[in-house]
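What follows is the residue order along each chain.
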Amino acid sequence: MAGTTVSGGSRATLEPPEPRDPSLHSRPRPLRVRLRPWLLLAAPLVVIGALLIYPIVRVAYLSFHRYGLKEVISGHPVFTGLDNYREVLGGSYLWKTVLPNTVVFAAFAVVGTIVLGTLVALLLQRVGPAVRAAIIASALLAWALPAVTGTYVWVWIFDPDSGVVRKMLQGVGLLGPEGFNWFTERLSFYAIATLNVIHHGYPFIAITIFAGLTTVPAELHEAAKIDGANAWQRFWQITVPMMRPVFAVVTILSTIWDFKVFAQVYLMPGGSGSNPDVFNLGVWSYVESINRNQYGLGASIAVLLTLVLLVITVVYLRALFREDEIS
Amino acid sequence: MTVTAKQPARARQGSTGLRQEGPPGLGGRRSRAFFGIIAWIVGILFVLPILWMLLTSFHSEENAATNPPSIAAPLTLQGYREFFSSGPWPPLLNSLTASVISTIIVLLLAFPAAYALSIRPVKRWSDVMFFFLSTKMLPMVAALLPIYLFAQSVSFLDNIWLLIIVYTTMNLPIAVWMLRSFLIEVPIEMLEAAQIDGAGLARTLRSVVAPVITPGLAAAALICFIFSWNELLFARVLTGTRAETAPVFLTGFVTSQGLFLAKVCAASIVVSLPVLAAGFGAQDKLVQGLSLGAVK
């Protein structure tokens, strides 16, 4: 691990008065010195702990209670045991609508983002400095564009009445004069959301993978080429294995992000409450708690989303970091 | 992994170096055509929408109604004038306040913390790093509800400081991760020299370490700023009329004025402008920060 080597070395070398004497480790340092790093860490740990641990505990607590408007006013949540979970897990709504919306969408978005990001990274490697700067600039533009604005652009492009997609499809005769509302159908709704999320997410992935690509020694490619491997084979047999840690990191990050997508769904027509067919876990939790004041129910959905994310992350970490690869 | 971690710093130094490091001689006709197509797809799919929005924002409402926008239509500032007359300044200033102040607090907290995790690491530094990463797994929606209810019970809603606290927490883990990956590149000799000269920790951080990792600080600051500026979920729920931020104002504006495309496009451009400018003006730093943060 790069981190371990560098940091381990620095600790040894920084010990005055005989910085390079390894025996220094055995001599106990004064308490003040040993505690100082923890003091530096204290503020962030306290801030994050207070603002993240408290909500986790609180949301778990609320998920076992009825906490609607009446209870908010009286200030006393009513304990209802597993009722909220029964309501969420019991019906077919979760299994047939919300969970597929969350999981299938995330799967497509993650794969799409990583494939496109990789292609753009490979493209960046092949072009001259000027073109590369232009591509990076346009990618960063897409990345920095607020999700709010980005979503409106895509909604506008697919507008059922005057959107450019309708005009184009009608122009080539693929769509009848009656048009089509892309936002009422679950599948087309999420196709647009996927496009939007990929658009927003690929720059980060592309730049990260590009940075990783520069670390693959050119000699390996040369050697493989002499052995007669074509570009496709070299990509799978050299680039991918060498880049496994980088791919692991971007996959985990994209998965976490795409499971939590909120604005991109919420801001599309119907996503803010009027079309329950298109909710994902995050939006459902939001609508139940904020729109309908059913805080207990919303909390149980939030707990569910957290658990799903936790399970997926653990499975991922197991599969991807077989040997302790994260540094 | 050591290779992965060390190389980017060197590879970044010259763009010509990068070209040589890429797999050489991949100029087969098929592969060139393939990447040509990709370049076009990326261009059309991902740049055109933004350009259209920009163009439409300068059109009159009648011309804006044509979709795709016509290039020949006369340009006007009408859309922008109408947007600015609808009172966007308070939300824009709120966004600026929340983003700038939270970014400053994040850097002040993250810099010493990253130092304690890299140059003179605590024993369990990897556990601490993992704790920071794990906070990213908590869905914001789950954190939103308790914070909302708590703020409601102590009458702290619709207060810009609430957002500042939330954004600080939200961005702190990323900033620590990023700054740490810059800090482990700082040569030890430099710190030794500072120590021999009798510089204390605060002074070492301020006058020795900070100047060396300025690019890292800038990259972390930019990313925190962009994330805070674009945040919608918390801002929407935790603010009302007083502390409303620009993205919330924009969603309201689009809901009420959605039919006036030029106006809406102008509004979107104005709200995106600060982050677009920040991203565009400092792309090399952003690239460096983004890639270092994740590659390591």
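In this text the structure is predicted, and so the values were computed from the model without any measurement.

Concerning the pattern of salt bridges
- All chains considered together, the criterion is met by 4 salt bridges over all chains.
- Here A:Glu288 ties to A:Arg292 by a salt bridge, and the two come within 3.0 Å at their closest N and O atoms.
- Judged by its relative accessible area of 7%, A:Glu288 is buried.
- A salt bridge links B:Glu82 to B:Lys263, with the shortest nitrogen-to-oxygen separation between them at 3.3 Å. With a gap of 181 residues between them, B:Glu82 in helix α6 (residues 78-84) and B:Lys263 in helix α16 (residues 261-281) connect regions that are remote in the sequence.
- According to the relative accessible area criterion, B:Glu82 is partly exposed, its value standing at 29%.

Some words on the nonpolar core
- Residues A:Tyr202, A:Ile209, B:Leu117, B:Leu183, B:Ile213 and B:Leu238 are the most contacted members of the largest nonpolar core, which totals 187 residues.
- Sorting elements by how many residues they give to this core places helix α10 (residues 160-183) of chain B first, with 15 residues.
- Those residues in contact with A:Ile209 that sit more than four places away from it in its chain are A:Gly117, A:Thr118, A:Ala121, A:Met243, A:Val246, A:Phe247 and A:Val250.

Looking at the confidence of the model for chain B
Residue and element names in this part refer to chain B.
- A residue-level look at chain B finds 85% of positions with pLDDT of 70 or above and a mean pLDDT of 78.
- Across residues 1-26 the pLDDT falls below 50, and counting only partners more than four positions away or on other chains, this stretch makes 50 contacts in the model.
- Both confidence scores are given for the complex: pTM 0.80, ipTM 0.76.

Details of a nonpolar patch on the surface
All names here are of chain B.
- Taken together, the side chains of Trp40, Ile44, Leu48, Leu51 and Leu54 define a hydrophobic patch exposed on the protein surface, amounting to about 500 Å² of accessible area.
- Those elements that place two or more of their residues in the nonpolar patch are α3 (29-46) and α4 (48-57).
- By the secondary structure assignment, leucine 54 is in helix α4.
- For leucine 54, a relative accessible area of 36% corresponds to the partly exposed category.

The rules behind these values
- Each residue is numbered by its place in its chain's sequence as written, counting from 1.
- Lettering of chains starts at A and numbering of ligands starts at 1, both following the order in which they are written.
- This being a predicted model, a pLDDT of at least 70 is required before a residue's local features are given, and a value of 80 or more before pairs of side-chain atoms are given or counted; all residues contribute to the totals for chains, interfaces and linings.
- Heavy atoms from the whole structure form the basis of all side-chain values; hydrogens and water molecules are not counted.
- Throughout this description, the term salt bridge denotes a Lys or Arg side-chain nitrogen within 4 Å of a carboxyl oxygen of Asp or Glu.
- When a residue's accessible area, from a 1.4 Å probe over protein chains only, is under 20% of the maximum for its type it is buried; when over 50% it is exposed; and in between it is partly exposed.
- Working definition: helices are DSSP H or I runs of at least four residues, strands are E runs of at least two. Numbering for both runs from the N terminus.
- Throughout, nonpolar core names a set of buried Ala, Val, Leu, Ile, Met, Phe, Trp, Tyr and Cys residues whose side chains join them through atoms within 4.5 Å.
- By the convention used here, residues are in contact when the closest approach between their heavy atoms is within 4.5 Å.
- Each residue carries a pLDDT score, the predictor's confidence in it, ranging from 0 to 100.
- Patches in this entry comprise residues that are over 30% relatively accessible and not in a salt bridge; like charges within 9 Å are linked, as are nonpolar side chains (Val, Leu, Ile, Met, Phe, Trp, Tyr) within 5 Å.
- Computed with a 1.4 Å probe, the accessible areas rest on the Shrake-Rupley method; for each residue, only the protein chains presented here act as cover.

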